[in-house]
Amino acid sequence: MSLAEIWQPVSLTLSLAAINTLILLLAGTPIAWWLARSQSRYRELVGAVVSMPLVLPPTVLGFYLLLALGPNGPGGWIAGLWGGRTLAFSFTGLVIGSFFYSLPFMIQPLRNAFAAIGNEPLEAASSLGASNGQRFWRVVLPLARPGYITGAVMTFAHTVGEFGVVLMIGGNIPGQTKVIAIALYDYVERLQWGNAHVLALGMVIFAFVVIAVTLTVDRRLNTPMP
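Cut-offs and rules
Residues numbered from 1 in each chain as written. Predicted model: local features only at pLDDT ≥ 70, side-chain atom pairs only at ≥ 80, totals over all residues. Heavy atoms only, no water. Phe/Tyr/Trp six-rings, centres within 6.5 Å; stacked < 30°, edge-to-face > 60°. Helix = DSSP H or I, 4+ residues; strand = E, 2+ residues; numbered from the N terminus. Buried < 20%, exposed > 50% of the residue type's maximum accessible area, 1.4 Å probe, protein only. Salt bridge = Lys/Arg side-chain N within 4 Å of Asp/Glu carboxyl O. Axes fitted to C-alpha atoms, helices over the stretch in contact; angles between N-to-C directions. Parallel < 35°, antiparallel > 145°, perpendicular 65-115°, else oblique. Contact = heavy atoms within 4.5 Å. Nonpolar A, V, L, I, M, F, W, Y, C, P; charged D, E, K, R; others polar.

(A) View of the packing of aromatic side chains. Counted under the stated rule, the structure contains seven aromatic pairs. An angle of 75° between the planes, with centres 5.2 Å apart, marks the rings of W33 and F114 as edge-to-face. Pair noted here: W33 is in helix 1 (residues 3-37) and F114 is in helix 5 (residues 91-117), with a separation of 81 residues, a long-range link. Residue class for F114 comes out buried when judged on its relative accessible area of 0%. Aromatic side chains F136 and W137 sit 5.5 Å apart centroid to centroid with 85° between the ring planes, which places their arrangement in the edge-to-face category. When its relative accessible area of 59% is taken as the criterion, W137 is described as exposed.

Structure, rendered in structure tokens:
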């Protein structure tokens, strides 16, 4: 058993999860805010589209992402800007695929947190002369903190455990697209039970820690102050 061989997919997975979580924190905030506060008749339609990865088989989403990222899709055109041919089977492709597949895990907690704030705190801040930016940083962000923590933890954990989508659009390229789930599958196929046990047990421990931390943080943030 080679420690370097085990660490490579772990390091790649952690990098992918961290980047995806950061991107979704930034991109998910305006989407979740609009879904929580807008009165548009298209709101629930957009919400349904955002939530589709929850019920779609990963291979279905992965198939269409593969077409979009491939040489005949928009991804091929974008890759051509720097002399490439495709965004599929690359780390960039994994980031894009993870973004869409993990979108509801960030959006839903943020949407619920924004909706729970209500209008009163924002109206009070406006009456005191606060700008839109000040209302967000001083009112919305502190009140929505549980949603941000839950969304970040769930998005990170979900990205770490991805299999179907990353297999479809990333394949099994060591150092580029071979994340933990793919490495575990590869070890099992090659009957390398020792390496498979290390990764599988690590994922079990990781899942337990994520659930324990999420429940603890949620309880503490929602416990009334004495």
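(B) Summary view of the pattern of salt bridges. Here the structure, examined in full by the defined rule, presents four salt bridges. Across the pair R111 and E44 runs a salt bridge whose closest N-O atoms are separated by 2.8 Å. One end of the pair, R111, is in helix 5; the other, E44, is in helix 2 (residues 43-51), and 67 residues separate them in sequence. Owing to a relative accessible area of 15%, R111 belongs among the buried residues under this scheme. The exposure class of E44 is partly exposed, given its relative accessible area of 46%. Between D186 and R190 there is a salt bridge; the shortest N-O distance is 2.8 Å. Accessibility expressed as a relative area gives 41% for R190, which makes it partly exposed. Among the charged side chains, a network of salt bridges with common partners joins R43, E44 and R111.

(C) Seen up close, the packing of helix 7 (residues 132-143) against helix 8 (residues 145-160). Close contact between helix 7 and helix 8 brings their axes to 4 Å; oriented N to C, the two are set at 60°. On the basis of their axis angle, the class for helix 7 and helix 8 is oblique. Note on element contacts: helix 8 touches helix 7 through R145, P146 and Y148, opposite F136, L141, P142 and L143. Considered class by class, the residues forming the contact of helix 7 with helix 8 number six nonpolar, no polar and one charged.

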